[in-house]
Amino acid sequence: MAKERRRAVLELLQRPGNARCADCGAPDPDWASYTLGVFICLSCSGIHRNIPQVSKVKSVRLDAWEEAQVEFMASHGNDAARDAYESKVPPFYYRPTSSDCQLLREQWIRAKYERLEFTHPEKQEPYSAGYREGSLWKRGRDNGQFLSRKFVLTEREGSLKYFNRNDAKEPKAVMKIEHLNATFQPAKIGHPHGLQITYLKDNSTRNIFVYHEDGKEIVDWFNALRAARFHYLQVAFPGASDADLVPKLSRNYLKEGYMEKTGPKQTEGFRKRWFTMDDRRLMYFKDPLDAFARGEVFIGSRESGYTVLDGLPPSTQGHHWPHGITIVTPERRFLLACETESEQRAWMEAFRKVVDRPMLPQEYAVEAHFKHKP
């Protein structure tokens, strides 16, 4: 009987919607919440275990199943749960995937099943009201210390501001929603709730690094920023659909890591730098947590004269790392070197994805700005 019940649960995985984790979309879920009626992956099952008052989990293949539990799973399933628990997810709210950090997946699961935010829209006020203020720990630009700073997001003014003191009249910085991006970077920042916010200052990218001790708070900030971007873009592109706008709300970087680089004359030695590929901007920093890049390179499309070559010119000297990459732009060549072959392959793939993509009209304006930089 026990084997038959387990087989019956396994057969439920073949039903539409059940072949992927209900929470992050990972294929072939091996676990189930027998109180919510959803099939989930191992990683998300660990998060469900932390909310036992809402969700109780079992292995589909290894645990014993009772008849009533099998029947409950059969009468529910992932599609039914999505209809019930995700009926009012705002279009701007970030739906995490299996490759996203633990924090985003945990808060998505808690928001759905524990706080019922997407069945009771009034609970979405913290990130959908168009205004948010509060304190975040912000990393100091020069000394690297995290200090509490007051942040204010106002959609009406189209800006995120922060103040060095709670009673300060003037903000230390004003970040325009138009040019703002936010991405979770727990490993780089050294905190599981670490968020990197970037904005343009004099057309150069400026980084700030923040966190909040409370996971819900920082994810609410992240979704409030996405909401502000969404509403800004709706006005800027009145004919665009939600599906067109949602991918533009925030970006994860295509690739980050250390490479060596040399200067434009290619006669000085190679120096190790931290590189970040953000859409078509390749930025390099002395340290991953620097506020400003040492330099930025625009990478256009193949049709516009950009290519990426495996290796370095034969005469190249001074690089310690053996695996070279040459980026050819209409103006010059950039010589880079990676420590390992797998890193080189990953960078080549990231660069080629960008080069193979045709440029959008607005990207030509960005390219022109790069060409006129001193």
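Residues numbered from 1 in each chain as written. Predicted model: local features only at pLDDT ≥ 70, side-chain atom pairs only at ≥ 80, totals over all residues. Heavy atoms only, no water.

Quick note on the threshold: UniProt positions are given in the numbering used here, feature names are shortened, and annotations may be inferred rather than shown by experiment.
The chain goes by ArfGAP with dual PH domains 1 in an unreviewed UniProt entry, where it is assigned to Panthera leo. Quoted verbatim from the Subcellular location (unreviewed entry) field of the UniProt record, the comment on the chain reads "Cytoplasm".

**Notes on the overall build of the chain**
To keep it simple, the criterion reads: A helix here means a DSSP run of H or I that spans at least four residues, while a strand means a run of E at least two residues long, and both kinds are numbered starting from the N terminus. Type-normalised accessible area, obtained with a 1.4 Å probe on protein chains alone, sets the label of each residue: buried when under 20%, exposed when over 50%, and partly exposed for intermediate values. Pairs of residues are marked as contacts when any of their non-hydrogen atoms sit within 4.5 Å. Residue exposure ignores everything except the shown protein chains as possible cover, and the areas themselves are Shrake-Rupley values with a 1.4 Å probe.
Helices and strands together make up the secondary structure of the chain, namely eleven helices and 17 strands. Seen along its three principal axes, the alpha-carbon backbone of the chain occupies a region of about 75 × 55 × 45 Å. In the chain, which comprises 374 residues, the proportion classed as buried is 50%. Here the analysis covers contacts within the chain between residues at least 6 apart in sequence; of these, 51% occur between residues at least 24 apart. Within the structure as shown, the chain displays about 18,400 Å² of accessible surface, and the carbon and sulfur contribution to it stands at 50%.

**Concerning empty space enclosed by the protein**
In plain terms, the rule: Here a cavity denotes a set of grid points, spaced 1 Å apart and computed over the protein atoms alone, in which a 1.4 Å probe fits but from which it cannot get out, and a pocket denotes an open set meeting protein on both sides within 12 Å along at least five of seven lines; residues with an atom within 4 Å of a point are reported as lining. Grid points are joined across faces, edges and corners, and a volume is the space filled by probe spheres set on the points. Gly is placed with the polar residues, together with every amino acid not listed as nonpolar (Ala, Val, Leu, Ile, Met, Phe, Trp, Tyr, Cys and Pro) or charged (Asp, Glu, Lys and Arg).
Taken as a whole, this structure holds five cavities of 30 Å³ or more when the rule is applied. In this structure, the largest cavity spans a volume of roughly 50 Å³. What lines the largest cavity is simply R139, G140, R141, R206, N207, I208, F209, L289 and A291. Per element, the largest residue contribution to the lining of the largest cavity is four residues, and it comes from strand β10 (residues 204–211). Tallied by class, the residues present in the lining of the largest cavity amount to four nonpolar, two polar and three charged.

**Examining the UniProt feature "domain: Arf-GAP" (unreviewed entry) in the chain**
Annotation from UniProt places "domain: Arf-GAP" (unreviewed entry) at residues 7–126. Here residues 7–126 is 38% helix and 8% strand, with 44 Å between the C-alpha atoms at its ends.

**Focus on the UniProt feature "domain: PH" (unreviewed entry) in the chain**
UniProt's feature table lists "domain: PH" (unreviewed entry) at residues 129–230 and 252–356, given in the numbering used throughout. Helix makes up 20% of residues 129–230 and strand 45%, with an end-to-end C-alpha separation of 13 Å.

**Re the environment of R6**
The following threshold applies: Pairing of N or O atoms within 3.5 Å defines a polar contact, subject to two protein rules: one partner must be a possible hydrogen donor and the other a possible acceptor, and residues neighboring in sequence count only if both atoms are side-chain atoms.
Counting through the fold element by element, R6 comes out in helix α1 (residues 2–12). Its relative accessible area of 23% is what places R6 among the partly exposed residues. Separated by 56 residues in the primary sequence, R6 and L62 have C-alpha atoms spaced 8.4 Å apart. Dropping the residues within four chain positions of it, R6 is found in contact with V60, R61, L62, D63 and A64. Among the polar contacts made by the side chain of R6, one reaches the main-chain carbonyl oxygen of R61 at a distance of 3.3 Å.

**Here's the deal with unusual backbone geometry**
Only a minority of non-glycine residues have a phi that is not negative, and only a minority of peptide bonds are not trans. Here the phi dihedral of D28 falls at roughly 55°; this positive angle occurs in a residue that is not glycine. Position of D28 relative to the elements: it lies in the loop between α1 and β1 (31–33). Judged by its relative accessible area of 65%, D28 is exposed. For D279, which is not a glycine, the phi torsion comes out positive at approximately 60°. Considering the arrangement of structural elements, one finds D279 in the loop between β12 (271–278) and β13 (281–285).

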